[in-house]
Amino acid sequence: MYKIINSLLVFFILTACSPKSEKKYVGFIEDQDIVVDSGAVVSAHPQSSRIGVSILKKGGNAIDAAIATEFALAVCYPEAGNIGGGGFMLIRTSDGKTDVIDYREKAPSGSSRDMYLDKSGNVIPGFSTDTHLSSGVPGTVDGMIKAHSKYGKLPFKELIQPAIDLAEHGFPVTLRQAQDLNSNRKTFVERNSFKTAFVKDSLWREGDTLIQPALAETLKRIRDYGRDGFYAGKTARYLIKEMKRGNGIISEQDLMDYKSVSRQSISTLYKGFKIITVPPPSGGGIILIQLLKMTEPYPLKEWRFHSARSIHLITEAERRAFADRSEYAGDPDFVEVPEKQLVSQKYLNERMKSFNENHATSSLDLGPGSPEKYISEETTHYSVVDAMGNAVAATTTLNNGFGNSIVADSAGFLLNNEMDDFSVKPGFPNMYGLVGGEANSIKPGKRMLSSMTPTIVEKNGKLLLVLGSPGGSTIPTTVFQVVINVLDYGLSIGKAVDAGRFHHQWYPDWISFEKNAIDSLASDKLQKMGHSLKERAALGSVNAIMIFPDGKKAAAADKRGNNSSYGY
Ligand code: GLY
């Protein structure tokens, strides 16, 4: 495969366009893709990628750059970047050691299993998504401080300062951001008691400057007081004041008690490649591994890219993996998740016994397996690799675009609506249509199940791929497809990211697909097999880096968003 990659690299270098002044390219793949010698950052916004690379150039490592990128995203990408939310950071240091910083939000101490139900046991519409009650205790700031204390090289103050400058002086919004801010305008106005930075007298236009003075002050407090700059003092008081205004339940004690944790990554071997990803409380990693192991025995390449046969196989594996998620996945600090059994080859072989090569399984007939015998789709992902070979794949979120659209009073940051990722009632679908049960029920201090799937791939002990995606339930299936696009189909990382995608999640029982993902021939065949198909808008938004044997890095930013690759 390296032969293919190397020949593509040579082609890209030979056909390289003239370098733009800010980016020292050794080659171009396509507009949003670059090939560089030293370090690269791919994130959802040009400002955050630029800031990440500036930290690398100052001598920071990948973890330093990731922390600076994360704080920058909280300013320049309020759709999902945050300090009021949480996420997962997968780290692989140059010596091959891995670590997962879990900074997922937690249910407040005043939460309870049935808090979103009325007296008759019915789910109260919008409670878990649109109100102050929908917020979990934020984890991002603690997560970044933990990552810095374990791996940081540059002083923390230097990593957060670019975000402060960005918030204080502003940045030009992209066209898409102007549209997003305009379409969310009514919600911002309705849900806040004051005029937030996100609402102007006139509508937003591309290139307008978004300035966030209150957020800049909060970031300064974090710079000056670390954890206490967010979880105590003024910032905490502003957040609690906002909670009281809207009958929210996050308390001062909840903020004091929040702690991110380091967890062990999970991994599998797939066709000679080591796939490393994140454990629960994200269900994404387990799903990714299950999909790889359930499809590995079949000759995907021979069956051809997105043929009816290949799509059918992948769909059936997805159906089974999501059915398992609904039953077994939850916060491992609260429930026993049968992680090992769920990814055991024996169990997955058993699970695929009912796979019929010619016919779709009905989700009605397919419940979760029994592993005892043997986890608006806004979230954002960034990937970082430094010149030494340290790598970070991090996915972070407020859940919905702009979270619940509520700004924490004078603290200037948006609140998450992550509580909707719990199973608010067994069998009741969340905003992604995912159903769950007791394993993911609400308990004080528990982390809600996620689908985030930051992933790293090694070949012969060497770093090969760093990737991940937003997209709620579609995250693991998106990551899976990009991985097989490279490993099985030999696509360049840019093409692997660009290729059309499809998705199945057990319920609803249909294959959703992007316009260019399934041709009419495959579509006809799939329908004859008993599948329902539904075209939909973009699936995921992958930011990925591929590392070549000679140390060069190809950074691919998904064209489905304003994603941007920077490197040097
Ligand atoms: N809030 C989306 C996820 O964590 O999967």
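Residues numbered from 1 in each chain as written. Predicted model: local features only at pLDDT ≥ 70, side-chain atom pairs only at ≥ 80, totals over all residues. Heavy atoms only, no water.

## A short note on the site of the ligand
Okay, step 1: Lining the immediate environment of the ligand, one finds Arg-104, Asn-399, Glu-418, Asp-421, Tyr-432, Ser-450, Ser-451 and Met-452.
Okay, step 2: In the environment of the ligand, a nitrogen atom lies 2.6 Å from a nitrogen or oxygen atom belonging to the side chain of Glu-418.
Okay, step 3: One of the side-chain N or O atoms of Asp-421 is found 2.7 Å from a nitrogen atom in the ligand.
Okay, step 4: Protein contacts shield 99% of the accessible area of the ligand, which totals 200 Å² for the unbound molecule.
Okay, step 5: Partitioned by chemical class, the residues of the shell around the ligand number two nonpolar, three polar and three charged. (Near = heavy atom within 4 Å. Polar contact = N/O pair within 3.5 Å; in protein donor to acceptor, adjacent residues only side chain to side chain. Areas by Shrake-Rupley, 256 points an atom, 1.4 Å probe, with all protein chains shown as cover. Nonpolar A, V, L, I, M, F, W, Y, C, P; charged D, E, K, R; others polar.)

## Brief notes about the environment of Asp-257
Okay, step 1: For Asp-257, the location among the structural elements is in helix H12 (residues 252-257).
Okay, step 2: The partly exposed category is assigned to Asp-257, whose relative accessible area is 42%.
Okay, step 3: In sequence terms Asp-257 and Val-199 are 58 residues apart; their C-alpha atoms lie 33 Å from each other. (Helix = DSSP H or I, 4+ residues; strand = E, 2+ residues; numbered from the N terminus. Buried < 20%, exposed > 50% of the residue type's maximum accessible area, 1.4 Å probe, protein only.)

## Some details on the packing of helix H3 (residues 62-76) against helix H5 (residues 140-151)
Okay, step 1: Where H3 contacts H5, the two axes come as close as 10 Å, and the packing angle between them is 165°. If you check the angle between H3 and H5, you find them roughly antiparallel. For the element pair H3 and H5, the recorded crossing hand is left-handed. Note on element contacts: H5 touches H3 through Thr-140, Val-141, Met-144, Ala-147, His-148 and Tyr-151, opposite Ile-63, Asp-64, Ile-67, Glu-70 and Phe-71.
Okay, step 2: In terms of residue class, the contact of H3 with H5 is made up of seven nonpolar, two polar and two charged. (Axes fitted to C-alpha atoms, helices over the stretch in contact; angles between N-to-C directions. Parallel < 35°, antiparallel > 145°, perpendicular 65-115°, else oblique. Left-handed = near helix turned anticlockwise from the far one by under 90°. Contact = heavy atoms within 4.5 Å.)

## Here's the deal with the nonpolar core
Okay, step 1: Counting residues in each nonpolar core, the largest one holds 88 residues, and the members touching the most others are Ile-275, Val-466, Leu-487, Ile-493 and Ile-518.
Okay, step 2: Top element by residues in this core is helix H15 (residues 308-328). It accounts for nine residues.
Okay, step 3: Among the nonpolar cores identified, the runner-up in size contains 74 residues, and Leu-166, Trp-204, Leu-210 and Tyr-568 belong to it. (Core = buried A, V, L, I, M, F, W, Y, C linked by side-chain atoms within 4.5 Å.)

## Comments concerning the pattern of salt bridges
Okay, step 1: If you walk through the whole model with that rule in mind, you get 37 salt bridges.
Okay, step 2: Between Lys-241 and Asp-409 there is a salt bridge; the shortest N-O distance is 3.5 Å.
Okay, step 3: Here Asp-409 falls in the buried class, since its relative accessible area comes to 10%.
Okay, step 4: Measuring nitrogen to oxygen at the nearest pair gives 3.8 Å for the salt bridge that ties Glu-296 to Lys-293. (Salt bridge = Lys/Arg side-chain N within 4 Å of Asp/Glu carboxyl O.)

## Overview of unusual backbone geometry
Okay, step 1: Here the amide bond leading from Pro-280 into Pro-281 is cis, since omega sits at 20°, within 30 degrees of zero.
Okay, step 2: With omega at 0°, the peptide bond leading from Tyr-507 into Pro-508 counts as cis.
Okay, step 3: One can find Pro-508 in the loop between strand E15 (502-503) and strand E16 (511-513).
Okay, step 4: One non-glycine residue with positive phi stands out, namely Asn-460, at about 50°.
Okay, step 5: With phi around 75°, Trp-506 is a residue other than glycine that occupies positive phi space.
Okay, step 6: Topologically, Trp-506 is positioned in the loop between E15 and E16.

## Here we look at the pairing of strand E14 (residues 462-467)
Okay, step 1: The element E14 is extensively covered by neighbouring structure, given that five of its six residues are classed as buried.
Okay, step 2: As judged from the five bridges shared by strand E13 (residues 455-459) and E14, these two strands associate in the antiparallel manner. Paired with Val-457 across the two strands is Leu-465, which belongs to E14.
Okay, step 3: As consecutive antiparallel partners, E13 and E14 are separated by two residues, and within that stretch Asn-460 has a phi angle of approximately 50°, a positive value.
Okay, step 4: Of the strand pairs in this sheet, E14 and strand E18 (residues 543-547) are connected by two bridges, and their pairing is antiparallel. Across the sheet, residue Val-466 finds its bridge partner in E18, namely Ile-545. (Pairing = 2+ DSSP bridges.)

## Some thoughts on the pairing of strand E12 (residues 391-397)
Remark: a regular strand shows side chains that alternate across the two faces of the sheet.
Okay, step 1: Across the seven residues of E12, seven count as buried, placing the element largely inside the fold.
Okay, step 2: Judged by which residues are buried, E12 turns out to be covered on both faces: Ala-391, Ala-393, Thr-395 and Thr-397 on one side and Val-392, Ala-394 and Thr-396 on the other are all buried.
Okay, step 3: Strand direction decides the pairing type here: strand E4 (residues 86-92) and E12, joined by seven bridges, are antiparallel. Residue pairing across strands places Leu-90 opposite Ala-393, the latter belonging to E12.
Okay, step 4: Where strand E11 (residues 380-385) and E12 come together, six bridges link them in antiparallel fashion. Within E12, the position partnered with Thr-380 by the bridge is Thr-396.
Okay, step 5: What sits between E11 and E12 in their antiparallel hairpin is a turn of five residues, with Gly-389 showing a positive phi close to 100°.

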